[in-house]
Amino acid sequence: MPFSHNRNPYLQIEPRYARFQEPLVMRGAFLENTNMSTRGLTMSELYKTADFKAEKHVPVIEAPASVKKGELIVIKVTVGKEIPHPNKTEHHIRWIKVIFWPEGAKFPVELGGSEFSAHGESAEGPDKGGVYTEPQAIVALKTEKPGKIIATSYCNIHGLWRSDQDLKVE
Ligand SMILES: [Fe+2]
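Analysis parameters
Residues numbered from 1 in each chain as written. Predicted model: local features only at pLDDT ≥ 70, side-chain atom pairs only at ≥ 80, totals over all residues. Helix = DSSP H or I, 4+ residues; strand = E, 2+ residues; numbered from the N terminus. Buried ≥ 20, exposed ≤ 12 C-beta atoms within 10 Å, placed from the backbone. Core = buried A, V, L, I, M, F, W, Y, C linked by C-beta atoms within 7 Å. Contact = placed C-beta atoms within 7 Å. Pairing = 2+ DSSP bridges. Axes fitted to C-alpha atoms, helices over the stretch in contact; angles between N-to-C directions.

A. A look at the environment of His158. The topology assignment puts His158 in the loop between strand 7 (147–155) and strand 8 (159–169). Assessed through the 15 C-beta atoms surrounding it within 10 Å, His158 is described here as partly exposed. Residues His158 and Ile93, 65 residues apart in the sequence, show an inter-C-alpha distance of 9.2 Å.

B. Here's a closer look at the nonpolar core. Counting residues in each nonpolar core, the largest one holds 16 residues, and the members touching the most others are Val77, Ile96, Val98, Ile149 and Ala151. Broken down by element, this core gets its largest block of residues, 5 residues, from strand 7. Leaving out residues up to four positions away in the same chain, Val98 has contacts with Ile75, Val77, Leu111, Gly112, Gly113, Ala137, Val139, Ile149 and Ala151.

C. Spatial organisation of the sheet that holds strand 6 (residues 136–141). A sheet is described by the order of its strands in space; here 3 strands give the open sequence 1-3-6, paired in antiparallel fashion. Of all strands in the sheet, those with a lone pairing partner are strand 1 (59–62) and strand 6, marking the two edges. If you compare each strand with its neighbour and ignore which way they point, the axes differ by 20° on average. Sheet topology note: the strand 1/strand 3 (residues 73–79) ladder contains 4 bridges and is antiparallel. Across the sheet, the residue bridging to Pro59 is Val79, located in strand 3.

D. Expanded view of the sheet that holds strand 8. Spatially, 5 strands are ordered 2-8-7-4-5 in an open sheet, and the strand pairing comes out mixed. Two strands bound the open sheet, and with one partner strand each, they are strand 2 (66–67) and strand 5 (109–115). With 9 bridges connecting them, strand 4 (residues 93–102) and strand 7 associate as antiparallel partners. Bridging from a neighbouring strand, Ile99 pairs with Ile150 of strand 7.

Written out as C-alpha cells, the structure reads:
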C-alpha cells in the first residue's frame, strides 16, 4: 500500500482517493533525490522569499496596515512591481493566491486570487499572439479579527514565492 510508511494520520488517504496521492509521490521522489527529510517540507523549503526590491518573483502586497472592525478593504498583489518579471510564453507568472491567517485561528483562510492565462501564445507560435495578462490580483476583504495577509505566486520555471504583511483591527 503506498505511503504505509507515512505515520502522519492526515496523509493516510482512502484507496478511492488514491489518485490524489500523485503530488505526494512526486514529493517523495524529489526528497529522495535530494537527501532531504521525508517528514514533510517546511514553508521556507516550498516557498521562496526575498526583498521584493531585489528579487522580481516576490509578490508585493498593497494593503492598509490597520482597518476598522468589519470595514471593507482592498488588497492588491503584484509580481514584478519593482523589477518586472518576464511575461513570455516560455517564462511567466501563472497565478497569485491570497491567504489570511486570523490571529489565534487554528487554520488559515484562502481569500482568493487570479490566474494568468495569456502569455503571447498563438497558432503562429510562441510570443506571436501579442496578448499578455499581467500578474496582478485584487481581493476585497472584511474581517473582524487581525491577522497576517500571506500572498503566494507561481512562476512556471522558478517555482513558488511568498510574502506577508500584518493587518491590525482597531
Ligand atoms: Fe521566473
